[in-house]
Amino acid sequence: MTGVKRFLSTGETRAGLALLLPLLAFALLAPAMFPGDPMAIVGEPLLRPFQNSAFPLGTDRLGRDVLAGLAHGARTSLLVGLAAALSALCVGAVIGTIAGFGGRLLDETLMRLTEAFQTVPAFLLALAFVSVIGPSLSSVVLAIALGAWPAPARVARAEVLSIREKDYVAAARVVGKRPAQIAFIEILPNALPPVLALSSVIVASAILIEAALSFLGLGDPNRVTWGGMIAEGRTVLRSASYLSIIPGVALVITVLAIYLLGEGAAKARLAKRSYV
């Protein structure tokens, strides 16, 4: 059984895909389904869900379409989660490879730097970074990646330390390959699978941190975000609780779907090891 089949055969993967695929389609089709500005005032304020067929999920206190905001907010959340995870994995893999292959002094220096970043909670680091740089989509992505790269770096370093003594690495040295070639062409590709296994955790964490920053008013002001929608509904929580509940449920479903996919991937890896 191939790795993809093992991954798709787990119950967690199927449940995660059942939750995530409709959300992805919803996010990708948001510009076609809601071509206008999702922040535009389009109707009467505080219409409740299913009260008006033109606005199935109602409107907020300014008269903006909640369903349009939910769709465009999904795009923002998924974009931030994927971009931050990709950035963190790339930086972490490179630093971990250099630390594991570059000698004791370089290893000690980079690992102390990694530990320094790990001592600061990721959310507080992101909060401080965005507060200084200013709220924008790129600054939010960078802020989240800044707190997420140490875990991939440590995993990559551990893998490189175990791989660098393999026979094919020694053969690469014998034929005269440069250290950088050996590290990034021979070793890193074989060290990547455990590093990539962290992607689901990083994506889920990034989505939650982005929502928290937006809730505090530090998200991109030019984009609809689920955290911003939850914060907007907080002011009318007693009379229109749906304004916070709807994006909150969407956030929970997204994080749960990503977590289930991560569990499915972990089970697939365990099944592969037991099969081997």
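Check the entry above for the structure.
Residues numbered from 1 in each chain as written. Predicted model: local features only at pLDDT ≥ 70, side-chain atom pairs only at ≥ 80, totals over all residues. Heavy atoms only, no water.

1. Comments concerning the overall build of the chain
- When helices and strands are tallied, the chain shows 13 helices and zero strands.
- Counting from the amino terminus, helix and strand elements in the chain follow one another as α-α-α-α-α-α-α-α-α-α-α-α-α.
- Principal-axis analysis of the C-alpha atoms gives the chain an extent of 75 × 45 × 30 Å.
- Looking at the chain as a whole, 44% of its 276 residues qualify as buried.
- Looking at the chain alone, contacts between residues at least 24 apart form 72% of all its contacts between residues at least 6 apart.
- Carbon and sulfur atoms form 67% of the exposed surface of the chain, whose accessible area is close to 14,100 Å². (Helix = DSSP H or I, 4+ residues; strand = E, 2+ residues; numbered from the N terminus. Buried < 20%, exposed > 50% of the residue type's maximum accessible area, 1.4 Å probe, protein only. Contact = heavy atoms within 4.5 Å. Areas by Shrake-Rupley, 256 points an atom, 1.4 Å probe, with all protein chains shown as cover.)

2. Brief notes about the nonpolar core
- Residues Val-66, Leu-70, Ile-207 and Trp-226 are the most contacted members of the largest nonpolar core, which totals 47 residues.
- Secondary-structure elements contributing two or more residues to this core are α2 (11–28), α4 (66–101), α5 (104–118), α7 (137–148), α8 (150–163), α11 (199–215), α12 (226–234) and α13 (242–275).
- At 12 residues, α4 tops the list of elements feeding residues into this core.
- Counting residues in hydrophobic clusters, the runner-up holds 13 residues, among them Ala-84, Ala-143, Ile-144 and Ala-206. (Core = buried A, V, L, I, M, F, W, Y, C linked by side-chain atoms within 4.5 Å.)

3. Notes on the pattern of salt bridges
- If you walk through the whole model with that rule in mind, you get 10 salt bridges.
- Residue Glu-12 is joined to Lys-267 by a salt bridge in which the shortest nitrogen-to-oxygen separation is 2.8 Å. Of this pair, Glu-12 sits in helix α2 while Lys-267 sits in helix α13; the two residues are 255 residues apart in sequence, bridging distant segments of the chain.
- Among the residues examined, Lys-267 registers a relative accessible area of 43% and is labelled partly exposed.
- In this structure, Asp-107 engages Arg-157 in a salt bridge whose closest nitrogen and oxygen atoms are separated by 2.7 Å. Taken together, the positions of Asp-107 in helix α5 and Arg-157 in helix α8 put the pair 50 residues apart, joining distant regions of the chain.
- The class of Asp-107 is buried, set by a relative accessible area of 10%.
- Arg-157 sits in the partly exposed class, given a relative accessible area of 24%.
- Look at the salt bridges and you will find they share partners, linking Asp-60, Arg-61, Arg-64 and Glu-232 into a network. (Salt bridge = Lys/Arg side-chain N within 4 Å of Asp/Glu carboxyl O.)

4. With respect to the environment of Gly-103
- Looking at the secondary structure, you find Gly-103 in the loop between α4 and α5.
- Here the alpha-carbon distance between Gly-103 and Gly-176, two residues 73 residues apart in the chain, equals 19 Å.

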